[in-house]
Amino acid sequence: MNKTKVYFYPSCPKEGYGNPYCLNFKNTLKEYFELLDADNKITRMKSMTLLNYSFRADVFILNWIENTIYLRFGFIQFCLVLLSFIIIGLRKKKVIWIYHNVIPHEGENSFTRVIMSYLFKHSKLIVSHSKEASAYATNKAFCKVIYCCHPIKLFNVQDWNGKKIACDVLIWGTILPYKGVLEFLQNCSRQLSNINILVLGKCKDNNLAASINDFCSSHIFFENRRADFNEIAYYIRTCRYVLFPYIGESISSSGVLMDTIAMGGIPIGPNKGAFKDLREEGVCKTYNSYDELPYIINSPNNIANDLKEEFIEKNTWNNFIERLSSELD
């Protein structure tokens, strides 16, 4: 029996997948479908690769495609995406849209709205990793919308023996404006003068990095670099909390949030999106305002290990892909 041919967007960029989400997704898809582009051959223009596979695949799983206009040669790529949609539609093939963010982190405009409007109308299935985004999509979609918790994968990490910084609160991952690191320090650094805070992640915005550096002190540290998972896992397992001070309206799901739980950490985030969902699961703490953060950070981290283990077991990649497969039957 022939397996359904599936194309996963985006294909692998020339710098490789920076986000393990794509590799985890594709590696699990291969067990259930005939995955086109399974060898992760490097592509130089994402939309051109989509156009190529628009003639061949039966199912298209699309991630972050609404951000096309922000890619290099954005307008050309935007046009190629629309052409791909026409071909997929004429072939009457299925589109699954993974609806990661309510609006793109870079902001919405007429180009992002055109793509999102098309996908709300013509997708076979829309999948969101937060209940909040799922509810928003349900009000706009012409198809079924389902909520599936962001899948989680355990890490095989090794001991890390590099330079260690005393750390009570860790903030990790790529440092971008919507991550709210600067705003957190502006509002909470004085109230947390008894807490060691480590910001560990690469920040390409020189102005933002300089502003964060201005807050560095004997208890606030900023390591402006990309750390490997062995180092990150060390800090996650030894700190009191892992903080995600995200801001803005684009907050929905977070891969680093799930990685934090996989590595044994206790996350704190704003009371919205996936953070709110995981608080309801008992594996995350949330805050509604900066005023609450010092109290939460200074409180005991009383999340039981059995709750985390049950959560991880329930939200594996295999369970997620099995759910997708059942929805396509």
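Residues numbered from 1 in each chain as written. Predicted model: local features only at pLDDT ≥ 70, side-chain atom pairs only at ≥ 80, totals over all residues. Heavy atoms only, no water.

Caption draft 1: View of the overall build of the protein chain. Regarding its fold elements, the protein chain presents 13 helices and twelve strands. Since a compact globule built from 329 residues should have a radius of gyration of about 20 Å, the 20 Å found for the protein chain is in line with a globular shape. Dimensions of the protein chain along its principal axes, counting C-alpha atoms only, are 60 × 40 × 40 Å. Of all intrachain contacts in the protein chain linking residues separated by at least 6 positions in sequence, the fraction that spans at least 24 positions is 72%. When the accessible surface of the protein chain is split by element, carbon and sulfur atoms take 49% of a total near 15,500 Å². Side chains of the protein chain carry 38 positive and 32 negative charges; the gap between the two charge centres is 7 Å. (Helix = DSSP H or I, 4+ residues; strand = E, 2+ residues; numbered from the N terminus. Rg over C-alpha atoms; globule rule 2.2 N^0.38 Å. Contact = heavy atoms within 4.5 Å. Areas by Shrake-Rupley, 256 points an atom, 1.4 Å probe, with all protein chains shown as cover. Lys, Arg positive; Asp, Glu negative; His and termini not counted. Charge placed at Lys NZ, Arg CZ, Asp CG, Glu CD.)

Caption draft 2: Spatial organisation of the sheet that holds strand E9 (residues 220–223). Judged by pairing direction, the sheet is parallel, and its six strands sit side by side in the order E9-E8-E7-E10-E11-E12 without closing on themselves. Two strands lie at the open edges of the sheet, namely E9 and strand E12 (285–287), each paired on one side alone. Averaged over all neighbouring strand pairs, the angle between strand axes comes to 25°, with direction disregarded. (Pairing = 2+ DSSP bridges. Axes fitted to C-alpha atoms, helices over the stretch in contact; angles between N-to-C directions.)

Caption draft 3: The packing of helix H6 (residues 181–188) against helix H7 (residues 206–213), seen in detail. Relative orientation of the contacting elements H6 and H7 amounts to 25°, with a least axis distance of 10 Å. With respect to each other, H6 and H7 are oriented roughly parallel. Two packed elements cross with a definite hand, and for H6 against H7 that hand is left-handed. For the pair formed by H6 and H7, the contact residues are Val181, Leu182 and Leu185 on the first element and Leu208, Ser211 and Ile212 on the second. Residues of the contact of H6 with H7, tallied by class, amount to five nonpolar, one polar and no charged. (Parallel < 35°, antiparallel > 145°, perpendicular 65-115°, else oblique. Left-handed = near helix turned anticlockwise from the far one by under 90°. Nonpolar A, V, L, I, M, F, W, Y, C, P; charged D, E, K, R; others polar.)

Caption draft 4: The arrangement of the pattern of salt bridges in detail. Scanning all chains against the criterion turns up eight salt bridges. A salt bridge links Glu223 to Arg225, with the shortest nitrogen-to-oxygen separation between them at 3.0 Å. The closest approach of N and O atoms between Glu231 and Arg225, which form a salt bridge, is 2.7 Å. One network of salt bridges, in which partners are shared, links Lys144, Arg323 and Glu327. (Salt bridge = Lys/Arg side-chain N within 4 Å of Asp/Glu carboxyl O.)

Caption draft 5: Summary view of the sheet that holds strand E6 (residues 144–147). Read from one edge to the other, the open sheet built from six strands follows the order E2-E1-E3-E4-E5-E6, with strand pairing classed as parallel. Edge positions in the open sheet fall to strand E2 (34–36) and E6, since each of these has one partner strand only. Ignoring which end each strand starts from, the neighbouring axes of this sheet average 25° apart. Here strand E5 (residues 125–128) pairs with E6 via four bridges, running parallel. Paired with Ser128 across the two strands is Tyr147, which belongs to E6.

Caption draft 6: Spatial organisation of the packing of aromatic side chains. Taken as a whole and assessed by the stated rule, the structure comprises 25 aromatic pairs. With a centroid separation of 5.8 Å and 40° between ring planes, the pair formed by Trp160 and Tyr234 is classed as tilted. One end of the pair, Trp160, is in the loop between E6 and strand E7 (169–172); the other, Tyr234, is in helix H8 (residues 229–238), and 74 residues separate them in sequence. Judged by its relative accessible area of 25%, Tyr234 falls in the partly exposed class. The rings of Phe8, Tyr21, Phe25, Trp64, Trp317 and Phe320 are connected pair by pair, giving a single aromatic cluster. (Phe/Tyr/Trp six-rings, centres within 6.5 Å; stacked < 30°, edge-to-face > 60°. Buried < 20%, exposed > 50% of the residue type's maximum accessible area, 1.4 Å probe, protein only.)

Caption draft 7: Representation of the pairing of strand E3 (residues 59–63) within the structure. Burial within E3 is extensive, with five of its five residues counted as buried. What you see with E3 is no split at all: Val59, Ile61 and Asn63 on one side and Phe60 and Leu62 on the other are buried throughout. This β-α-β element, E3 to helix H3 (residues 74–90) to strand E4 (residues 94–99), shows right-handed connectivity. (Right-handed = clockwise from strand over helix to strand, strands pointing away.)

Caption draft 8: Fine view of the pairing of E4. With five of six residues buried, E4 is to be regarded as a mostly interior element. Pairing between E3 and E4: five bridges, direction parallel. Bridge assignment links Phe60 to a residue of E4, and that residue is Val95. Relative to E5, E4 runs parallel, the two sharing four bridges. Of the residues in E5, the one forming a bridge with Ile98 is Val127.

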